Amino acid sequence: MARRCLVSLGLVGAGAACLAAIWAGAASGQAPSSEQPAPNVSELVVTGSRIPQTNRDSVSPVVQIGGGQIKDEGLLRVEDAINRLPQAFADQNSTVTNGATGTATVNLRDLGPERTLVLIDGKRLMPGDPTAGSVAPDLNFIPAALVDRIDVVTGGASAVYGSDAVAGVVNFIMKRNFSGVVIDAQGGAFNHSNDETGIQSVLAAQGEPIPARGITDGFAGEITVVAGVNAPDGRGNLTVYGAYRAAAPVTEATRDFSACALTANGPNLLCSGSTSSPATGRFLVLDPATFKLVGDLTLDPTGPGNTLRPFDRNRDAFNFGPFEYFQRADRRWSAGVFARYQVAPAVELYADGMFMYDDSTAQLAPSGLFGTPFNIACANPMLSAAEVQAFCADANVPPNGTALVYIGHRDVNAGGRQYHLTHEDYRIVAGARGAFGDWRYDVSAQFASVAISQVDLGDVSLTRAADALNVISVGGKLVCASGNPGCAPYDVFQLAGVSQAALAYIGTPGRATGGTTEAVVSANLTGKLARYGLKSPWADDGAGVAIGAEWRRESLDYAPDAELASGDLASAGVGAPAVNGSFSVFELYGEARAPLVQARGPLLEDFSVEGGYRYSWYSNAGQAQTYKAGLSWAMAGGVRLRASFNHAVRAPNVVELFTPTSLNVFGLDFDPCAGGNPVVDQMNPFATPANCARTGVTAAQYGHIAPSPAGYNALQGGNPNLRPEAADTWTVGLVATPAALPGFDLTIDYYDIHVANVIEMPSPDSVIEQCLETGNPFLCAQIHRAPGTGSLWIGPDGYVSNLWENAASLSTRGLDVTTSYRRPLPSARGHELGSASINFIGTYLMALTTVIAPGAAAYDCAGLYGSFCGDPVPRWRHVLRLGWETPWNVDLWVSWRYISSVVVAAASPNPYLATQFPPGDLRLGARSYIDLDLDWRLTRRIRLRAGVNNVFDVDPPVVGTDFEQGVAANSNTYPGVYDALGRWLFVGLTVRI
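Residues numbered from 1 in each chain as written. Predicted model: local features only at pLDDT ≥ 70, side-chain atom pairs only at ≥ 80, totals over all residues. Heavy atoms only, no water.

Topic: the overall build of the protein chain
Counting its regular elements, the protein chain contains 16 helices and 48 strands. Here the protein chain has a C-alpha radius of gyration of 30 Å; the compact-globule value for 993 residues is 30 Å, and the two agree. When the backbone C-alpha atoms are referred to their principal axes, the protein chain occupies close to 95 × 60 × 50 Å. Relative to its full complement of 993 residues, the protein chain shows a buried share of 58%. Excluding contacts between residues fewer than 6 apart, the proportion of contacts in the protein chain whose partners are at least 24 apart in sequence is 73%. Summed over its atoms, the accessible surface of the protein chain is roughly 36,000 Å², and 60% of this surface lies on carbon and sulfur atoms. If you average the places of the 67 positive and of the 91 negative side-chain charges in the protein chain, the two averages end up 10 Å apart. (Helix = DSSP H or I, 4+ residues; strand = E, 2+ residues; numbered from the N terminus. Rg over C-alpha atoms; globule rule 2.2 N^0.38 Å. Buried < 20%, exposed > 50% of the residue type's maximum accessible area, 1.4 Å probe, protein only. Contact = heavy atoms within 4.5 Å. Areas by Shrake-Rupley, 256 points an atom, 1.4 Å probe, with all protein chains shown as cover. Lys, Arg positive; Asp, Glu negative; His and termini not counted. Charge placed at Lys NZ, Arg CZ, Asp CG, Glu CD.)

Overview of the confidence of the model for the protein chain
Averaged over all residues, the pLDDT of the protein chain is 90; the fraction at 70 or higher stands at 94%. When the criterion is pLDDT under 50, residues 1-42 qualifies, and its contacts beyond four places in sequence or with other chains add up to 128 contacts. (pLDDT = per-residue confidence, 0-100.)

What to know about the sheet that holds strand 1 (residues 62-66)
Read across the sheet, five strands follow the order 1-6-7-4-5 without closing on themselves; strand pairing throughout is mixed. Two strands in the sheet have a free side with no partner beyond their single neighbour: strand 1 and strand 5 (123-124). Across five bridges, strand 4 (residues 116-120) lies against strand 7 (residues 168-174) in parallel orientation. What sits directly across from Leu-117, in strand 7, is Val-169. (Pairing = 2+ DSSP bridges.)

Concerning the side chain of Asp-931
For Asp-931, the location among the structural elements is in strand 46 (residues 927-937). Once you skip the residues sitting within four places of it in the chain, Asp-931 turns out to touch Arg-84, Trp-893, Val-894, Ser-895, Arg-897, Val-948, Asn-949, Asn-950 and Val-951.

Considering helix 8 (residues 385-392)
By the burial criterion, the buried members of helix 8 are Glu-387, Phe-391 and Cys-392. Projection of helix 8 onto a plane perpendicular to its axis shows the buried side chains occupying an angular sector of 100°, all on one side. Across helix 8 from its buried face, at more than 90 degrees, point the exposed residues Ala-385 and Gln-389. Elements that come into contact with the buried residues of helix 8 comprise strand 14 (282-286), strand 15 (293-299), strand 16 (308-310) and strand 21 (402-410). (Arc of directions from axis to C-beta.)

Here's the deal with helix 6 (residues 197-205)
Along helix 6, the residues that are buried comprise Ile-199, Gln-200, Val-202 and Leu-203. The arc enclosing the buried residues of helix 6, seen along the axis, measures out at 155°, which places them on a common side. In this structure, helix 6 carries Thr-197 and Ala-205 as exposed residues pointing more than 90 degrees from its buried face. Next to the buried residues of helix 6 lie strand 12 (261-265) and strand 13 (268-272). Looking one or two residues beyond helix 6, the residue adopting positive phi is Gly-207, at roughly 75°.

As for the sheet that holds strand 14
Ordered by their spatial adjacency, five strands build an open sheet running 16-15-14-21-20, and the pairing between neighbours is antiparallel. With one partner strand each, in any of the chains shown, strand 16 and strand 20 (368-377) form the two edges of the open sheet. Going across the sheet, the axis of each strand differs from the next one's by a mean of 30°, ignoring polarity. Sheet topology note: the strand 14/strand 15 ladder contains four bridges and is antiparallel. Across the sheet, Leu-284 pairs through a bridge with Asp-296, a residue of strand 15. Along the sheet, helix 9 (residues 462-469) contacts strand 20 and strand 21; its crossing angle with strand 20, the most-contacted strand, is approximately 40°. (Axes fitted to C-alpha atoms, helices over the stretch in contact; angles between N-to-C directions.)

Comments concerning the state of the cysteines
One pass over the structure, following the stated rule, counts five disulfides. One disulfide in the model links Cys-861 with Cys-869; its S-S distance is 2.0 Å. Residues Cys-861 and Cys-869 are joined by a disulfide whose S-S torsion is about -80°; by sign, that bridge is left-handed. Both residues of the pair, Cys-861 and Cys-869, count as buried. (Disulfide = S-S within 2.5 Å.)

Some thoughts on the nonpolar core
Core analysis: the biggest nonpolar cluster contains 91 residues, and Ile-150, Phe-172 and Met-174 have the highest contact counts within it. Core analysis: the second largest hydrophobic core is formed by 34 residues, Leu-297, Phe-374, Tyr-505 and Ala-570 among them. (Core = buried A, V, L, I, M, F, W, Y, C linked by side-chain atoms within 4.5 Å.)

Describing the packing of aromatic side chains
Summed over the entire model, instances satisfying the criterion amount to 26 aromatic pairs. Pairing Phe-283 with Phe-493 gives two aromatic rings, centres 5.8 Å apart and planes at 25°, and the pair type is stacked. Taken together, the residues Phe-283 in strand 14 and Phe-493 in the loop between strand 25 (477-480) and helix 10 (500-506) connect sequence positions 210 residues apart. In this pair, the class of Phe-283 matches that of Phe-493, namely buried. What links up through ring pairs into an aromatic cluster is the set Tyr-244, Trp-333 and Tyr-357. Taking the ring centre of Tyr-751 as reference, the NZ or CZ of Arg-109 above it sits at 3.5 Å. The cationic tip of Arg-433 hangs over the ring face of Tyr-350; the distance from NZ or CZ to the ring centre is 4.1 Å. (Phe/Tyr/Trp six-rings, centres within 6.5 Å; stacked < 30°, edge-to-face > 60°. Lys NZ or Arg CZ within 6 Å of the ring centre and 35° of its normal.)

Shown next, in the form of structure tokens:
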């Protein structure tokens, strides 16, 4: 019977979880690739509770993904399997290039990866990259071929597992107890037909090359070897594994919809890009006394090479798209060992060791100057007479003085910027477990570390660029005024004027090292209390309890070189200060579950309650208390109701606590109170004198604040006074397993999560907008205008405070629906036809609401994208999977993945989000993807699998970047949300030796 269950649900080697998978309604349905038969087990530790029970009785909704499903769907990365779940939202993944950390993270309920706890076999996975504010665990550490199943609890679970389990828990159950040798290999590639004729016409009209019609690229593959041996007396096992994975890069130039950087122009899209042009540059000339813009110029490409004309974004923007990676280059090595040995009837020793080395490369377009201010001497010999006139004619520039010029220029000849990101991870767990009577114990210690290296290549030092722009003539030869060794004039003032010597001088790498460590010591005891009389008189089973204690210490360090720390590199724009710190926490917890009524009539087959409590004391943030309560009510006919409440917490991490404060320049023009007539100049009806006064603008300053051509100041950094976040999670659900329909189950669960005291660094533009529109005192206090000028960018006295604070709140509500059904097919002419299965999981998002500060206006992002909502937040997503398990050792599946449409946030009726927008941004249409998978058991030892994901090569929704509406797509779409690279063709082979 256990084997039959495995065939139905595709949980590789998951005999102990067989009942759990049935009742979870997992989105699976494939045949197993189990390494050995699994025993029938009636109880197990279900994720979300430490008390052994079947998932049939679990109060917390649990969704499961079988390891076999990951293989059969051709997925090489576990984050891809999780991101297919409607409860998960895209975060760091293989398609992130701009801002990539080289990691993969999971973001349940779109509440942020820092609010999802990740476990391996019920024990914490260590924090990930120290450069990411969330410090979320890196899923690259987990080899997909070793995953037995993935349990996903979508709700608070801090009372059971501690901090971070606010949105839910992802628990990776690993394969163990191997005997023999198994080799698994899988590879695949993307195949795409470029047939977006509308976008191709845009490319042709603007002289951009059109990619080839048929493309096959992005080759990726993985090979895993697993070997195991049992002790001769059957009391122990040793399992070892090693794996190698590699993926080739894909550039945006290979897809017609990403071959140029698009922007919306009314209902249409135009090929646009960066205003830092490679050939002609951009020169914003400011009055050095008033800082008002007096010229927006570019080199005239018609010659003679150093004449100027007005800058025209539509003609002069730089198409950066073809240089950038759509999929990062990546290589990963991993290895590990799982060992256990029963030294006595009640004592089993165990140890795990896991290792990963990952090397990933992201590539962006060439560097240069991105609207950087320079004082250019009017006597600079690189300037033509026309340029001297344009730069120095202002009345406030004295004769032979200096002009204030913001320069945009791309050094295409230097090649793309590359970011080499490596991670070296270790995790060691050792412990003892066993059982005596009705009690089980588990005592363990674990240590884990992550070491990172970051090397940024192809960037420009602003200090050296300023040096190379300050040029004099000596004997008719142009030289750097400083006389610094290697300095060569950086002539951006004429066409093709930049020399290789200048590029060699200003080109400067940035380097950083760092890492995280985590140490955990825990002890857990579970037991059944029936023999002690702790049993309801109306129930057959007694109460179950779990008690325990845990100590955990986390540390983080990030050590950038001088270039990264100072913000001297042109691409950075802001400094990346060194961070170092640690915290520890000691916790005591308890959990109880008790059947109150059992077998008392059709309405009371089982009525059980459970509760839990955890006390935590943090060395830096003080105490926190979490708790949970739940009930389960089973009735005749296979109907059960369940409900739970969880009070969860997330403690501040080292980045949030200890990042040094620094004044950084960031962003585009967002000051609504700048300009001669702010209401008109900034196209903001709220920018009246009275409203601007809320942001600190005096009557004398209104109408006289100079807009910034390049950015504004923000004071950013950590906050050692942060307190833990607190979340309340409610779930109410129905589980139906009607006896009249064997093999069918249905679960419907409503969830409601509210997070208070959210640790957030609200964006400065949201601070100013809400202050302007609502006068919120907390937000208005964050705005510090420079005395006299009222500026937020001229000098260090004008800035927006952007420190981590316990100020925001988040909430979300929705409905999860899962169902599965499996039954044998009727025979045809005496021939068995096997069985068919159906599995469905869908989520309807009712609300995803953010309040950035106490008293601030709330905004709901459900069904929206762009602005403060960011990536698309569809209201409805589902996965439907149909399977046919034939009697001929060939099993087939077809899946339908659906993502509903979203509307630009600027079209929302919420006044905080609503603003003007081009019609081309209005909607990203719904998408359906069809996948086909095949699993063929060639022999008892050899299995072949193959398939196609996104069979019909459905293009993703295409949208142009529009910073005014907060639409900042990657590759003109959202690759983490949609299948962006086309159909995925794959083949895999598993051989048991």
